[in-house]
Structures are given as structure tokens and as C-alpha cells.
Protein chains: 2
Amino acid sequence: MSTSKQLPQPDRGEIRVDAVLQALGEPVRLIIVRALADVPEGIACGELDLPVTASTRAHHLRTLRESGVLTTRTEGTRRISSLRREDLDALYPGLLDGVLAAEQ
Amino acid sequence: MSTSKQLPQPDRGEIRVDAVLQALGEPVRLIIVRALADVPEGIACGELDLPVTASTRAHHLRTLRESGVLTTRTEGTRRISSLRREDLDALYPGLLDGVLAAEQ
């Protein structure tokens, strides 16, 4: 029997736009966000091909999670992350779409 | 006869979303952006009431200008800044509106 557990994250009402913008404003974190945008059910981010070390990857994922951009659940030894698109679209309509539309 | 001069800024094609997000992701800079959003013709930002020193204010304005968020022109001894809304809306549709919609 497998259990799923959500890692700590802010409730919707605790999310702050400056923290979200700061989290999004970093090239590797934008790669992660773009990848997650294509897979609503979530990705094991350890499987993403990123140009950083494992510890840097973990740092970026934590920054994104703690700011409210993504949610992470554990499934056995895997950590599956997905965008909190519903929360972000409700709080900041258009922001995420605008970011994802960016060519550079 | 007064002359108006635009301070250095990136062309639209040089603006990068990570730099824009980083520039926006700071509380004092968000105060500036919200104030400018209400006044399309621009504001002499020295006149804004901000909880920072003059040099910090200048630093924030430069960060916003160099990232492409605002444009600044000199008029005599005054510096008038305004949002580059048309450029940002063209590059990242919805981003600025989403940020301005934020309650926190």
C-alpha cells in the first residue's frame, strides 16, 4: 500500500505576489515551470533534464513550492510536482499565462 | 527651451522575462509599478512617498528601467517615469494585469 503526502506549502490565502515573482524570475526555475505547465498531473522533477546539480535543483523546487508556485507530493521515494495553476490564476489572473507566453 | 531625453533602456526585443519578473518581485518596486499604472503619462518618481532612502529609490528605478518595466525621460532637472505597458502587454500578455490584480 502506498501513501501520498504533500510537502509543506502556503495556503492560497498566504501566497504573496512578490514571492511568486521572485520565484519565477530565475532561468532554471522558469524551465521547471514551463515543463510543469505541459503536464497537469505532475512530474517527478528528478527526471527533468536541468543544467544544475541535484542540490541546486532541490533548492529551486523548494523556492517554487514555498512561494506557492507548485505543489509537491511524495509517492514512495518519488516526489511529484505540479503547478498550482488554479490558485495562481485565481489570485493573479493572466500572470502565469503571460509568463508562459514569453519567448525570452 | 526645454529638452527631453530618454535614459538608457532595452529595446522591446531585448527584454527578458526573467529580468522583468526579478524586477517586479520586490515590495518597494511593486509600490512604484502600482503607482505608475494609475498615471499613464508618467510620474516624477522623486515625488512618490516611498519607505526608502533616495539612493535606494534610485536603485529600484534603475532596476525597473534596465529590465524594461519602465521608461524614464529627463525634463530639465526632473525625471519622469512611466510603465512600458504596451511593450510588456505585447511580450507577456496578462502578466502585468495579473500583478496589478494582486491583493498581496
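Figured I'd write up the structure that's included with this text. (Residues numbered from 1 in each chain as written. Chains lettered and ligands numbered in written order. Predicted model: local features only at pLDDT ≥ 70, side-chain atom pairs only at ≥ 80, totals over all residues. Heavy atoms only, no water.)

**Description of the overall build of chain A**
Turning to step 1, where the next piece is worked out: Within chain A, the secondary structure is distributed over five helices and four strands.
Turning to step 2, where the next piece is worked out: Secondary structure elements in chain A, listed N-terminal to C-terminal, are β-α-α-β-α-β-β-α-α.
Turning to step 3, where the next piece is worked out: C-alpha atoms of chain A, sized along the principal axes, occupy 40 × 30 × 20 Å.
Turning to step 4, where the next piece is worked out: The buried share of chain A, reckoned over its 104 residues, is 48%.
Turning to step 5, where the next piece is worked out: If you take every contact in chain A between residues at least 6 apart in sequence, the share linking residues at least 24 apart comes to 66%.
Turning to step 6, where the next piece is worked out: Counting only carbon and sulfur atoms, one obtains 49% of the accessible surface of chain A, whose full area is about 5500 Å².
Turning to step 7, where the next piece is worked out: Of the charged side chains in chain A, 13 are positive and 15 negative, and the gap between their average positions amounts to 6 Å. (Helix = DSSP H or I, 4+ residues; strand = E, 2+ residues; numbered from the N terminus. Buried < 20%, exposed > 50% of the residue type's maximum accessible area, 1.4 Å probe, protein only. Contact = heavy atoms within 4.5 Å. Areas by Shrake-Rupley, 256 points an atom, 1.4 Å probe, with all protein chains shown as cover. Lys, Arg positive; Asp, Glu negative; His and termini not counted. Charge placed at Lys NZ, Arg CZ, Asp CG, Glu CD.)

**Re helix 2 (residues 27-37) of chain B**
Turning to step 1, where the next piece is worked out: Regarding helix 2 of chain B, the residues found buried are Val-28, Arg-29, Leu-30, Ile-32, Val-33, Ala-35 and Leu-36 of chain B.
Turning to step 2, where the next piece is worked out: Two or three places before Val-28 of chain B, at the start of helix 2 of chain B, stands the capping residue Glu-26 of chain B, its side-chain oxygen 2.9 Å from that residue's backbone nitrogen. (Polar contact = N/O pair within 3.5 Å; in protein donor to acceptor, adjacent residues only side chain to side chain.)

**Observations concerning the relation of the copies chain B and chain A**
Turning to step 1, where the next piece is worked out: Overlaying chain B on chain A yields an RMSD of 0.0 Å, the required transformation being a rotation through 180 degrees with an accompanying axial translation of 0.0 Å. Viewed as a symmetry operation, the transformation between the two copies matches a two-fold axis.
Turning to step 2, where the next piece is worked out: When you check the interface residues of chain B against chain A, 100% turn up at the interface there too, and the contact is symmetric in its surfaces. (Least-squares fit on C-alpha atoms with pLDDT ≥ 70 in both.)

**Topic: the sheet that holds strand 2 (residues 43-44) of chain A**
Residues and elements named next belong to chain A.
Turning to step 1, where the next piece is worked out: Read from one edge to the other, the open sheet built from four strands follows the order 1-3-4-2, with strand pairing classed as antiparallel. Only two strands of the sheet have a single partner each, and these edge strands are strand 1 (4-6) and strand 2.
Turning to step 2, where the next piece is worked out: Pairing of strand 1 with strand 3 (residues 70-75), which is carried by three bridges, proceeds in the antiparallel orientation. Opposite Ser-4, over in strand 3, you have Glu-75 as the bridge partner.
Turning to step 3, where the next piece is worked out: Of the strands in this sheet, strand 2, strand 3 and strand 4 (78-83) are in contact with helix 2 (residues 27-37), which crosses strand 4 at around 85 degrees. (Pairing = 2+ DSSP bridges. Axes fitted to C-alpha atoms, helices over the stretch in contact; angles between N-to-C directions.)

**Description of the pairing of strand 3 (residues 70-75) of chain B**
Residue and element names in this part refer to chain B.
Turning to step 1, where the next piece is worked out: Bridge analysis of strand 3 against strand 4 (residues 78-83) gives six bridges, and the strand direction is antiparallel. Within the sheet, the bridge partner assigned to Thr-71 lies in strand 4 and is Ser-82.
Turning to step 2, where the next piece is worked out: A loop of two residues connects strand 3 with strand 4, the two strands running antiparallel in sequence, and Gly-76 in this loop sits at a positive phi of about 60 degrees.

**Some details on the nonpolar core**
Turning to step 1, where the next piece is worked out: If you look at the biggest cluster of nonpolar residues, it comprises 54 residues, and the most contacted ones within it are Ile-32 and Val-69 of chain A together with Ile-32 and Val-69 of chain B.
Turning to step 2, where the next piece is worked out: Broken down by secondary-structure element, the contributors of at least two residues to this core are helix 1 (17-24), helix 2, helix 3 (54-67) and helix 5 (95-100) of chain A together with helix 1 (17-24), helix 2, helix 3 (54-67) and helix 5 (95-100) of chain B. (Core = buried A, V, L, I, M, F, W, Y, C linked by side-chain atoms within 4.5 Å.)

**What about the sheet that holds strand 4 of chain B?**
Residues and elements named next belong to chain B.
Turning to step 1, where the next piece is worked out: Pairing within the open sheet is antiparallel, and its four strands lie in the order 1-3-4-2. This sheet does not close on itself; its edge strands, each paired only once, are strand 1 (4-6) and strand 2 (43-44).
Turning to step 2, where the next piece is worked out: Across the face of the sheet, helix 2 comes into contact with strand 2, strand 3 and strand 4 while running at roughly 85 degrees to strand 4.

**Quick notes on the pattern of salt bridges**
Any two side chains of opposite charge can pair if their charged atoms end up close together.
Turning to step 1, where the next piece is worked out: In this structure the tally under the stated criterion is 12 salt bridges over all chains.
Turning to step 2, where the next piece is worked out: A salt bridge links Arg-78 of chain A to Glu-47 of chain A, with the shortest nitrogen-to-oxygen separation between them at 3.1 Å. Within this pair, whereas Arg-78 of chain A is found in strand 4, its partner Glu-47 of chain A is found in the loop between strand 2 and helix 3, the two being separated by 31 residues in sequence.
Turning to step 3, where the next piece is worked out: The salt bridge involving Arg-16 of chain B is made with Asp-18 of chain B; its shortest N-O contact spans 3.5 Å.
Turning to step 4, where the next piece is worked out: Arg-16 of chain B sits in the partly exposed class, given a relative accessible area of 43%.
Turning to step 5, where the next piece is worked out: A cluster of three or more residues bridged by salt bridges with shared partners is formed by Arg-12, Arg-84 and Asp-87 of chain A. (Salt bridge = Lys/Arg side-chain N within 4 Å of Asp/Glu carboxyl O.)

**Notes on the interface of chain B and chain A**
Turning to step 1, where the next piece is worked out: Tallying the contact residues gives 25 residues for chain B and 25 residues for chain A.
Turning to step 2, where the next piece is worked out: In total, chain B and chain A occlude about 1700 Å² of area from one another, counting both sides; carbon and sulfur atoms represent 63% of this.
Turning to step 3, where the next piece is worked out: Run the count over chain B and chain A and you get zero salt bridges.
Turning to step 4, where the next piece is worked out: At the boundary of chain B with chain A, the tally comes to 12 residue pairs in polar contact (both at pLDDT 80 or more).
Turning to step 5, where the next piece is worked out: When contributions to the side of chain B that touches chain A are tallied by element, the ones reaching two or more residues are helix 1, helix 2 and helix 5 of chain B.
Turning to step 6, where the next piece is worked out: At five residues, helix 1 of chain B tops the list of elements feeding residues into the side of chain B that touches chain A. (Buried area = accessible area lost by both parts, 1.4 Å probe.)

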